[in-house]
Amino acid sequence: MKDAGKYVWTAIIVALLAHFAFIHAVPRVMMWVAIDRVSGEGARYNAWTFADRVTPLSRTIVRPSPDFAYSACAYDLSDGPIMITATPWDAYWSLSLYADNSDNFFVVDDREARAGAEITLIRRRATPPDDAARVIESPTTRGIALIRRLAPDLESYNAAAEVARGDVCASFDTLRVPAT
Amino acid sequence: MLRRVAAWTAAILAGLVLGGASAWAALEIGRGNFGERYGAWSHSRATGSTAAGPYTRAIIARDGLLALSAREALYFNLTQDDQGAPLSENCSYELTGRPLNTRWWSVTLYADDSFLAQNEDHAASIDASHVSPGPDGRWRARVSTVRGDAAYWLSSRNARRDFSLTLRIYNPHRDFQASEETLPTLTRLSCLGES
(Lines give C-alpha, C1' and ligand atoms only; values in the text may rest on other atoms or scores of the structure.)
Protein backbone atom coordinates (compact mmCIF):
# COMPACT_ATOMS: atom_id res chain seq x y z
CA MET A 1 0.00 0.00 0.00
CA LYS A 2 2.89 2.29 0.84
CA ASP A 3 4.09 1.96 -2.80
CA ALA A 4 0.73 3.01 -4.25
CA GLY A 5 1.87 6.61 -4.63
CA LYS A 6 4.68 5.80 -7.02
CA TYR A 7 2.41 3.65 -9.17
CA VAL A 8 -0.13 6.46 -9.36
CA TRP A 9 2.54 8.97 -10.28
CA THR A 10 3.88 6.60 -12.92
CA ALA A 11 0.40 6.26 -14.40
CA ILE A 12 -0.04 10.05 -14.44
CA ILE A 13 3.34 10.66 -16.11
CA VAL A 14 2.73 7.94 -18.69
CA ALA A 15 -0.75 9.39 -19.29
CA LEU A 16 0.69 12.86 -19.94
CA LEU A 17 3.34 11.49 -22.31
CA ALA A 18 0.78 9.33 -24.11
CA HIS A 19 -1.62 12.27 -24.39
CA PHE A 20 0.90 14.54 -26.10
CA ALA A 21 2.35 11.73 -28.21
CA PHE A 22 -1.17 10.93 -29.44
CA ILE A 23 -1.94 14.57 -30.27
CA HIS A 24 1.33 14.95 -32.18
CA ALA A 25 0.87 11.62 -33.95
CA VAL A 26 -2.65 12.23 -35.31
CA PRO A 27 -1.76 14.59 -38.21
CA ARG A 28 1.35 12.57 -39.09
CA VAL A 29 -0.51 9.28 -39.18
CA MET A 30 -3.31 10.85 -41.23
CA MET A 31 -0.73 12.21 -43.68
CA TRP A 32 1.10 8.88 -43.87
CA VAL A 33 -2.18 7.23 -44.79
CA ALA A 34 -2.89 9.95 -47.37
CA ILE A 35 0.63 9.69 -48.84
CA ASP A 36 0.27 5.92 -48.97
CA ARG A 37 -3.04 6.19 -50.82
CA VAL A 38 -1.90 8.88 -53.24
CA SER A 39 1.32 7.00 -54.01
CA GLY A 40 -0.49 3.72 -54.61
CA GLU A 41 0.93 2.18 -51.43
CA GLY A 42 4.38 3.57 -52.14
CA ALA A 43 4.58 2.44 -55.77
CA ARG A 44 4.23 5.87 -57.38
CA TYR A 45 6.14 8.77 -55.85
CA ASN A 46 6.90 11.98 -57.75
CA ALA A 47 4.12 11.52 -60.31
CA TRP A 48 0.76 13.26 -60.64
CA THR A 49 -2.43 11.28 -60.26
CA PHE A 50 -5.56 12.93 -61.61
CA ALA A 51 -8.30 11.99 -59.20
CA ASP A 52 -11.68 10.63 -60.25
CA ARG A 53 -14.47 13.13 -59.98
CA VAL A 54 -15.54 13.51 -56.35
CA THR A 55 -18.64 11.41 -55.65
CA PRO A 56 -20.14 9.80 -52.55
CA LEU A 57 -17.80 6.88 -53.28
CA SER A 58 -14.66 9.05 -52.93
CA ARG A 59 -12.85 7.91 -49.80
CA THR A 60 -9.22 8.95 -50.26
CA ILE A 61 -9.22 12.25 -48.35
CA VAL A 62 -11.84 13.51 -45.88
CA ARG A 63 -14.15 16.38 -46.84
CA PRO A 64 -13.43 16.44 -50.57
CA SER A 65 -15.10 19.20 -52.56
CA PRO A 66 -17.17 17.98 -55.53
CA ASP A 67 -16.56 21.36 -57.19
CA PHE A 68 -12.87 20.74 -57.83
CA ALA A 69 -10.80 18.54 -60.11
CA TYR A 70 -7.86 17.37 -58.01
CA SER A 71 -4.42 16.24 -59.08
CA ALA A 72 -2.21 14.84 -56.33
CA CYS A 73 1.47 13.94 -56.22
CA ALA A 74 3.06 12.17 -53.26
CA TYR A 75 6.60 13.50 -53.29
CA ASP A 76 9.76 11.98 -51.91
CA LEU A 77 12.95 14.07 -51.86
CA SER A 78 15.20 11.25 -50.67
CA ASP A 79 16.93 11.07 -54.05
CA GLY A 80 17.18 14.81 -54.63
CA PRO A 81 15.08 17.72 -55.82
CA ILE A 82 11.94 17.38 -57.89
CA MET A 83 10.32 19.69 -60.37
CA ILE A 84 6.63 20.47 -60.07
CA THR A 85 4.65 22.33 -62.69
CA ALA A 86 0.97 23.21 -62.94
CA THR A 87 -0.63 24.00 -66.27
CA PRO A 88 -2.90 27.06 -66.16
CA TRP A 89 -6.66 26.69 -66.10
CA ASP A 90 -9.43 29.07 -67.19
CA ALA A 91 -11.03 29.34 -63.76
CA TYR A 92 -9.55 29.28 -60.24
CA TRP A 93 -6.64 26.89 -59.77
CA SER A 94 -3.95 26.54 -57.15
CA LEU A 95 -0.89 24.45 -56.44
CA SER A 96 -0.36 23.70 -52.76
CA LEU A 97 2.30 21.73 -50.89
CA TYR A 98 1.81 19.85 -47.62
CA ALA A 99 4.50 18.59 -45.25
CA ASP A 100 4.11 15.18 -43.64
CA ASN A 101 2.67 16.82 -40.51
CA SER A 102 -0.18 18.26 -42.68
CA ASP A 103 1.12 21.87 -42.73
CA ASN A 104 0.28 23.76 -45.93
CA PHE A 105 3.72 25.34 -46.33
CA PHE A 106 3.32 26.70 -49.86
CA VAL A 107 0.50 27.76 -52.15
CA VAL A 108 0.38 29.62 -55.42
CA ASP A 109 -2.75 30.34 -57.43
CA ASP A 110 -3.76 31.73 -60.80
CA ARG A 111 -3.70 35.33 -59.52
CA GLU A 112 0.05 35.07 -59.01
CA ALA A 113 0.85 32.62 -61.78
CA ARG A 114 -1.44 33.28 -64.71
CA ALA A 115 0.84 31.39 -67.09
CA GLY A 116 1.12 28.37 -64.79
CA ALA A 117 3.51 27.47 -62.00
CA GLU A 118 6.93 25.89 -62.06
CA ILE A 119 8.87 25.17 -58.88
CA THR A 120 11.86 23.14 -57.79
CA LEU A 121 11.24 21.42 -54.48
CA ILE A 122 14.24 20.63 -52.29
CA ARG A 123 14.84 19.38 -48.76
CA ARG A 124 15.40 22.03 -46.14
CA ARG A 125 18.91 23.47 -46.34
CA ALA A 126 19.77 21.35 -49.41
CA THR A 127 21.65 23.03 -52.25
CA PRO A 128 19.33 23.72 -55.19
CA PRO A 129 20.39 22.79 -58.72
CA ASP A 130 22.05 25.65 -60.62
CA ASP A 131 19.36 25.76 -63.28
CA ALA A 132 16.45 25.42 -60.86
CA ALA A 133 13.32 27.49 -61.30
CA ARG A 134 11.62 28.99 -58.24
CA VAL A 135 13.08 27.02 -55.35
CA ILE A 136 10.87 25.94 -52.43
CA GLU A 137 12.22 24.16 -49.37
CA SER A 138 10.11 21.33 -47.99
CA PRO A 139 10.18 21.02 -44.19
CA THR A 140 9.95 17.23 -44.55
CA THR A 141 11.35 14.67 -46.99
CA ARG A 142 7.93 13.43 -47.96
CA GLY A 143 4.64 15.20 -48.47
CA ILE A 144 1.85 15.85 -50.93
CA ALA A 145 1.51 18.35 -53.78
CA LEU A 146 -2.07 19.14 -54.74
CA ILE A 147 -3.55 21.01 -57.68
CA ARG A 148 -7.13 22.21 -57.37
CA ARG A 149 -8.95 23.28 -60.52
CA LEU A 150 -12.41 24.71 -60.13
CA ALA A 151 -14.63 22.38 -62.17
CA PRO A 152 -18.14 22.25 -60.71
CA ASP A 153 -19.69 20.23 -63.57
CA LEU A 154 -18.80 17.18 -65.65
CA GLU A 155 -17.90 19.20 -68.73
CA SER A 156 -15.37 21.34 -66.90
CA TYR A 157 -14.06 18.30 -65.03
CA ASN A 158 -13.34 16.56 -68.36
CA ALA A 159 -11.64 19.71 -69.66
CA ALA A 160 -9.53 19.85 -66.49
CA ALA A 161 -8.51 16.23 -67.06
CA GLU A 162 -7.10 17.24 -70.45
CA VAL A 163 -5.26 20.24 -69.03
CA ALA A 164 -3.83 18.14 -66.20
CA ARG A 165 -1.94 16.02 -68.72
CA GLY A 166 0.54 18.89 -69.00
CA ASP A 167 1.38 18.93 -65.27
CA VAL A 168 4.79 17.65 -64.18
CA CYS A 169 5.88 16.12 -60.89
CA ALA A 170 9.20 14.35 -61.42
CA SER A 171 12.76 14.02 -60.25
CA PHE A 172 14.75 17.05 -61.34
CA ASP A 173 17.51 14.88 -62.79
CA THR A 174 15.22 12.85 -65.04
CA LEU A 175 13.96 16.06 -66.66
CA ARG A 176 17.41 17.35 -67.56
CA VAL A 177 18.19 17.13 -71.26
CA PRO A 178 21.64 15.59 -71.62
CA ALA A 179 24.18 17.84 -73.33
CA THR A 180 25.02 16.79 -76.86
CA MET B 1 8.48 -9.74 -7.16
CA LEU B 2 5.74 -10.89 -9.51
CA ARG B 3 3.27 -8.66 -7.76
CA ARG B 4 5.56 -5.68 -8.22
CA VAL B 5 5.98 -6.35 -11.97
CA ALA B 6 2.21 -6.64 -12.31
CA ALA B 7 1.73 -3.35 -10.45
CA TRP B 8 4.20 -1.50 -12.68
CA THR B 9 2.63 -3.01 -15.80
CA ALA B 10 -0.84 -2.03 -14.62
CA ALA B 11 0.34 1.53 -13.86
CA ILE B 12 1.89 1.93 -17.31
CA LEU B 13 -1.13 0.41 -19.07
CA ALA B 14 -3.49 2.62 -17.08
CA GLY B 15 -1.40 5.64 -18.05
CA LEU B 16 -1.46 4.69 -21.73
CA VAL B 17 -5.23 4.18 -21.71
CA LEU B 18 -5.81 7.39 -19.78
CA GLY B 19 -3.48 9.37 -22.07
CA GLY B 20 -5.04 8.01 -25.24
CA ALA B 21 -8.59 8.53 -23.99
CA SER B 22 -7.90 12.06 -22.77
CA ALA B 23 -6.29 12.97 -26.11
CA TRP B 24 -9.27 11.59 -27.99
CA ALA B 25 -11.64 13.46 -25.70
CA ALA B 26 -9.64 16.67 -26.16
CA LEU B 27 -10.00 16.36 -29.95
CA GLU B 28 -13.72 15.63 -29.69
CA ILE B 29 -14.32 18.58 -27.36
CA GLY B 30 -12.05 20.80 -29.43
CA ARG B 31 -13.90 19.79 -32.57
CA GLY B 32 -17.12 21.19 -31.16
CA ASN B 33 -15.56 24.37 -29.79
CA PHE B 34 -13.12 24.98 -32.58
CA GLY B 35 -11.66 28.42 -33.23
CA GLU B 36 -13.88 31.44 -33.64
CA ARG B 37 -17.66 31.27 -33.90
CA TYR B 38 -19.87 33.34 -36.18
CA GLY B 39 -23.41 32.42 -35.32
CA ALA B 40 -23.59 28.66 -35.82
CA TRP B 41 -20.44 28.58 -37.99
CA SER B 42 -17.06 27.68 -36.54
CA HIS B 43 -13.78 28.63 -38.13
CA SER B 44 -10.07 28.57 -37.37
CA ARG B 45 -7.62 30.90 -39.05
CA ALA B 46 -4.90 28.45 -38.08
CA THR B 47 -6.18 25.86 -40.55
CA GLY B 48 -3.28 24.61 -42.69
CA SER B 49 -0.97 27.16 -41.12
CA THR B 50 2.60 26.24 -40.28
CA ALA B 51 1.98 28.16 -37.04
CA ALA B 52 -0.94 25.95 -36.02
CA GLY B 53 -0.68 24.44 -32.55
CA PRO B 54 -0.65 20.67 -32.08
CA TYR B 55 -4.33 20.47 -31.08
CA THR B 56 -5.49 22.59 -34.04
CA ARG B 57 -3.33 20.55 -36.38
CA ALA B 58 -4.76 17.29 -35.04
CA ILE B 59 -8.37 18.48 -35.28
CA ILE B 60 -7.85 19.74 -38.84
CA ALA B 61 -6.11 16.51 -39.84
CA ARG B 62 -9.10 14.50 -38.69
CA ASP B 63 -11.76 16.70 -40.24
CA GLY B 64 -10.10 18.57 -43.10
CA LEU B 65 -6.80 17.07 -44.13
CA LEU B 66 -5.12 18.99 -46.99
CA ALA B 67 -7.03 22.17 -46.23
CA LEU B 68 -5.54 25.38 -47.57
CA SER B 69 -4.12 28.04 -45.29
CA ALA B 70 -6.21 31.13 -44.54
CA ARG B 71 -4.13 33.12 -47.01
CA GLU B 72 -5.84 31.18 -49.81
CA ALA B 73 -9.16 29.96 -48.48
CA LEU B 74 -11.37 30.15 -45.42
CA TYR B 75 -13.35 27.16 -44.15
CA PHE B 76 -16.41 27.43 -41.93
CA ASN B 77 -18.21 24.42 -40.47
CA LEU B 78 -21.76 24.20 -39.25
CA THR B 79 -23.02 21.25 -37.20
CA GLN B 80 -26.11 22.67 -35.49
CA ASP B 81 -29.29 24.34 -36.61
CA ASP B 82 -30.67 27.68 -35.39
CA GLN B 83 -32.11 25.96 -32.31
CA GLY B 84 -28.84 24.36 -31.32
CA ALA B 85 -29.83 20.84 -32.39
CA PRO B 86 -27.50 18.52 -34.35
CA LEU B 87 -28.31 18.36 -38.06
CA SER B 88 -30.39 15.35 -39.06
CA GLU B 89 -31.79 13.98 -42.29
CA ASN B 90 -35.12 13.69 -40.47
CA CYS B 91 -35.40 17.47 -40.63
CA SER B 92 -35.49 19.93 -43.48
CA TYR B 93 -33.75 23.28 -43.34
CA GLU B 94 -33.43 26.48 -45.31
CA LEU B 95 -30.00 27.97 -45.89
CA THR B 96 -30.08 31.62 -46.88
CA GLY B 97 -27.40 34.16 -47.52
CA ARG B 98 -26.25 37.20 -49.43
CA PRO B 99 -23.51 37.15 -52.06
CA LEU B 100 -20.19 36.91 -50.24
CA ASN B 101 -17.40 39.36 -50.82
CA THR B 102 -15.08 36.79 -52.28
CA ARG B 103 -13.96 35.41 -55.60
CA TRP B 104 -15.78 32.10 -55.18
CA TRP B 105 -17.62 30.22 -52.46
CA SER B 106 -19.38 26.90 -51.98
CA VAL B 107 -21.39 25.06 -49.34
CA THR B 108 -21.00 21.27 -49.20
CA LEU B 109 -22.91 18.75 -47.12
CA TYR B 110 -20.95 15.96 -45.40
CA ALA B 111 -22.25 12.92 -43.52
CA ASP B 112 -20.96 12.28 -40.00
CA ASP B 113 -17.95 10.38 -41.42
CA SER B 114 -16.76 13.60 -43.17
CA PHE B 115 -17.42 12.16 -46.64
CA LEU B 116 -20.26 12.98 -49.03
CA ALA B 117 -23.60 11.40 -48.09
CA GLN B 118 -24.25 8.09 -49.84
CA ASN B 119 -26.88 9.15 -52.34
CA GLU B 120 -27.04 9.70 -56.10
CA ASP B 121 -28.85 13.01 -56.01
CA HIS B 122 -25.84 14.98 -57.34
CA ALA B 123 -26.76 17.69 -54.86
CA ALA B 124 -23.88 17.63 -52.39
CA SER B 125 -22.85 21.21 -53.02
CA ILE B 126 -24.02 24.63 -54.12
CA ASP B 127 -21.55 27.23 -55.28
CA ALA B 128 -21.24 30.86 -56.31
CA SER B 129 -21.16 30.06 -60.01
CA HIS B 130 -24.65 28.53 -59.94
CA VAL B 131 -26.51 30.43 -57.22
CA SER B 132 -28.24 33.75 -57.88
CA PRO B 133 -29.87 35.95 -55.26
CA GLY B 134 -33.56 36.81 -55.44
CA PRO B 135 -35.10 40.31 -55.60
CA ASP B 136 -34.39 40.78 -51.87
CA GLY B 137 -30.68 40.22 -52.46
CA ARG B 138 -30.66 36.84 -50.73
CA TRP B 139 -30.28 33.33 -52.15
CA ARG B 140 -32.13 30.40 -50.62
CA ALA B 141 -31.27 26.71 -50.67
CA ARG B 142 -33.19 23.78 -49.23
CA VAL B 143 -31.31 21.23 -47.11
CA SER B 144 -33.47 18.12 -47.06
CA THR B 145 -33.87 14.62 -48.39
CA VAL B 146 -36.07 15.78 -51.29
CA ARG B 147 -35.80 18.84 -53.48
CA GLY B 148 -39.46 19.83 -53.57
CA ASP B 149 -39.92 23.22 -55.22
CA ALA B 150 -36.56 24.60 -54.10
CA ALA B 151 -34.42 26.44 -56.65
CA TYR B 152 -31.24 25.26 -54.97
CA TRP B 153 -30.86 22.06 -53.01
CA LEU B 154 -28.39 20.26 -50.77
CA SER B 155 -29.47 16.65 -50.44
CA SER B 156 -29.31 15.21 -46.93
CA ARG B 157 -30.63 11.83 -48.05
CA ASN B 158 -28.65 9.09 -46.26
CA ALA B 159 -26.69 11.76 -44.36
CA ARG B 160 -28.22 10.36 -41.18
CA ARG B 161 -27.70 12.32 -37.97
CA ASP B 162 -24.84 14.69 -37.15
CA PHE B 163 -24.15 15.70 -40.71
CA SER B 164 -22.45 19.02 -41.29
CA LEU B 165 -22.08 21.84 -43.79
CA THR B 166 -18.77 23.32 -44.88
CA LEU B 167 -18.61 26.81 -46.34
CA ARG B 168 -15.50 27.39 -48.45
CA ILE B 169 -14.47 30.92 -49.27
CA TYR B 170 -11.71 31.17 -51.87
CA ASN B 171 -9.64 34.30 -52.37
CA PRO B 172 -11.73 36.46 -50.03
CA HIS B 173 -11.56 40.11 -50.96
CA ARG B 174 -9.49 42.40 -48.78
CA ASP B 175 -12.54 43.88 -47.08
CA PHE B 176 -14.26 40.53 -46.45
CA GLN B 177 -15.32 40.30 -42.84
CA ALA B 178 -16.74 37.08 -41.48
CA SER B 179 -19.66 37.76 -39.17
CA GLU B 180 -23.02 36.35 -38.22
CA GLU B 181 -24.59 38.87 -40.63
CA THR B 182 -22.38 38.14 -43.65
CA LEU B 183 -22.37 34.33 -43.45
CA PRO B 184 -25.37 32.21 -44.53
CA THR B 185 -28.02 31.30 -41.96
CA LEU B 186 -29.51 27.84 -41.48
CA THR B 187 -33.11 27.66 -40.25
CA ARG B 188 -34.91 24.45 -39.33
CA LEU B 189 -38.23 24.24 -41.16
CA SER B 190 -39.64 20.98 -39.84
CA CYS B 191 -38.77 17.48 -38.66
CA LEU B 192 -40.39 14.10 -39.21
CA GLY B 193 -42.78 13.33 -36.41
CA GLU B 194 -43.39 16.98 -35.55
CA SER B 195 -46.98 17.97 -35.59
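Presented here is an overview of the structure given in this document. (Residues numbered from 1 in each chain as written. Chains lettered and ligands numbered in written order. Predicted model: local features only at pLDDT ≥ 70, side-chain atom pairs only at ≥ 80, totals over all residues. Heavy atoms only, no water.)

**Regarding the overall build of chain A**
(1) Moving on: Check the secondary structure of chain A and you find three helices and nine strands.
(2) Moving on: Walking chain A from its N terminus toward its C terminus, one meets helices and strands in the order α-β-β-β-β-β-β-β-β-α-β-α.
(3) Moving on: Here chain A has a C-alpha radius of gyration of 20 Å; the compact-globule value for 180 residues is 16 Å, and the former is much larger.
(4) Moving on: Principal-axis analysis of the C-alpha atoms gives chain A an extent of 80 × 45 × 30 Å.
(5) Moving on: With an accessible surface of roughly 8900 Å², chain A has 56% of that area assigned to carbon and sulfur atoms. (Helix = DSSP H or I, 4+ residues; strand = E, 2+ residues; numbered from the N terminus. Rg over C-alpha atoms; globule rule 2.2 N^0.38 Å. Areas by Shrake-Rupley, 256 points an atom, 1.4 Å probe, with all protein chains shown as cover.)

**Points about the pattern of salt bridges**
All names here are of chain B.
(1) Moving on: Counted under the stated rule, the structure contains 13 salt bridges over all chains.
(2) Moving on: Across the pair Asp-81 and Arg-188 runs a salt bridge whose closest N-O atoms are separated by 3.0 Å. Here the residue Asp-81 occupies a position in the loop between strand S3 (73–78) and strand S4 (87–88), and Arg-188 occupies one in strand S11 (residues 185–191), the gap between them amounting to 107 residues. Accessibility assignment for this pair places Asp-81 and Arg-188 in one class, buried. (Salt bridge = Lys/Arg side-chain N within 4 Å of Asp/Glu carboxyl O. Buried < 20%, exposed > 50% of the residue type's maximum accessible area, 1.4 Å probe, protein only.)

**Re the packing of helix H1 (residues 4–38) of chain A against helix H2 (residues 54–64) of chain B**
(1) Moving on: Between H1 of chain A and H2 of chain B, the least distance of the axes is 8 Å, while the angle of their chain directions is 40°. Judged by the inter-axis angle, H1 of chain A sits oblique to H2 of chain B. Both H1 of chain A and H2 of chain B take part in a crossing whose hand is left-handed. Taking contact as the criterion, the partners of His-19, Phe-20, Ile-23, His-24, Val-26, Pro-27 and Met-30 of chain A in H1 of chain A are, on H2 of chain B, Pro-54, Tyr-55, Arg-57, Ala-58, Ala-61 and Arg-62 of chain B.
(2) Moving on: Here the residues of the contact of H1 of chain A with H2 of chain B sort into nine nonpolar, two polar and two charged. (Axes fitted to C-alpha atoms, helices over the stretch in contact; angles between N-to-C directions. Parallel < 35°, antiparallel > 145°, perpendicular 65-115°, else oblique. Left-handed = near helix turned anticlockwise from the far one by under 90°. Contact = heavy atoms within 4.5 Å. Nonpolar A, V, L, I, M, F, W, Y, C, P; charged D, E, K, R; others polar.)

**Remarks on the pairing of strand S10 (residues 161–172) of chain B**
All names here are of chain B.
(1) Moving on: Counted residue by residue, S10 has nine buried out of 12 residues, so it is predominantly covered.
(2) Moving on: As defined by bridge partners, S3 adjoins S10 across six bridges and the pair is classed as antiparallel. Note on S10: the bridge partner recorded for Tyr-75 is Arg-168.
(3) Moving on: In this sheet, S10 lies alongside S4 in antiparallel orientation, the contact comprising two bridges. Note on S10: the bridge partner recorded for Ser-88 is Arg-161.
(4) Moving on: Examined bridge by bridge, strand S6 (residues 102–110) and S10 share eight bridges and lie antiparallel to one another. Pairing of Trp-105 across the sheet is with Ile-169, part of S10. (Pairing = 2+ DSSP bridges.)

**Focus on the interface of chain B and chain A**
(1) Moving on: With 57 residues of chain B at the contact, the number on the chain A side is 54 residues.
(2) Moving on: The junction of chain B with chain A conceals about 4700 Å² of combined surface from both sides, 63% of it contributed by carbon and sulfur atoms.
(3) Moving on: For Asp-110 of chain A, the salt bridge identified is with Arg-103 of chain B, shortest N-O distance 2.4 Å.
(4) Moving on: For the pair chain B and chain A, the number of links is 22 residue pairs in polar contact (both at pLDDT 80 or more). (Buried area = accessible area lost by both parts, 1.4 Å probe. Polar contact = N/O pair within 3.5 Å; in protein donor to acceptor, adjacent residues only side chain to side chain.)

**Brief notes about the environment of Trp-24 of chain B**
(1) Moving on: Take Trp-24 of chain B: it is sitting in helix H1 (residues 2–32).
(2) Moving on: Apart from the residues within four sequence positions on either side, Trp-24 of chain B is in contact with Phe-22 of chain A together with Arg-62 of chain B.

**What about unusual backbone geometry?**
(1) Moving on: Positive phi, normally seen in glycine, also occurs at Arg-125 of chain A, with a value near 70°.
(2) Moving on: At Asp-162 of chain B, a position not held by glycine, the phi torsion is positive, near 65°.
(3) Moving on: Examined against the element boundaries, Asp-162 of chain B turns out to sit in strand S10.
(4) Moving on: Of the residues examined, Asp-162 of chain B reaches a relative accessible area of 44% and is grouped as partly exposed.

**Focus: the sheet that holds strand S8 (residues 139–144) of chain B**
All names here are of chain B.
(1) Moving on: Across the sheet, four strands lie side by side as S9-S8-S5-S11; this open sheet has mixed pairing. Every other strand in the sheet has two partners, leaving strand S9 (152–155) and S11 as the edge strands with one partner each. Sheet twist, expressed as the average angle between the axes of neighbouring strands with direction ignored, equals 25°.
(2) Moving on: As paired strands, strand S5 (residues 91–97) and S11 are joined by six bridges and run antiparallel to one another. By the bridge assignment, Thr-96 is partnered in S11 with Thr-185.

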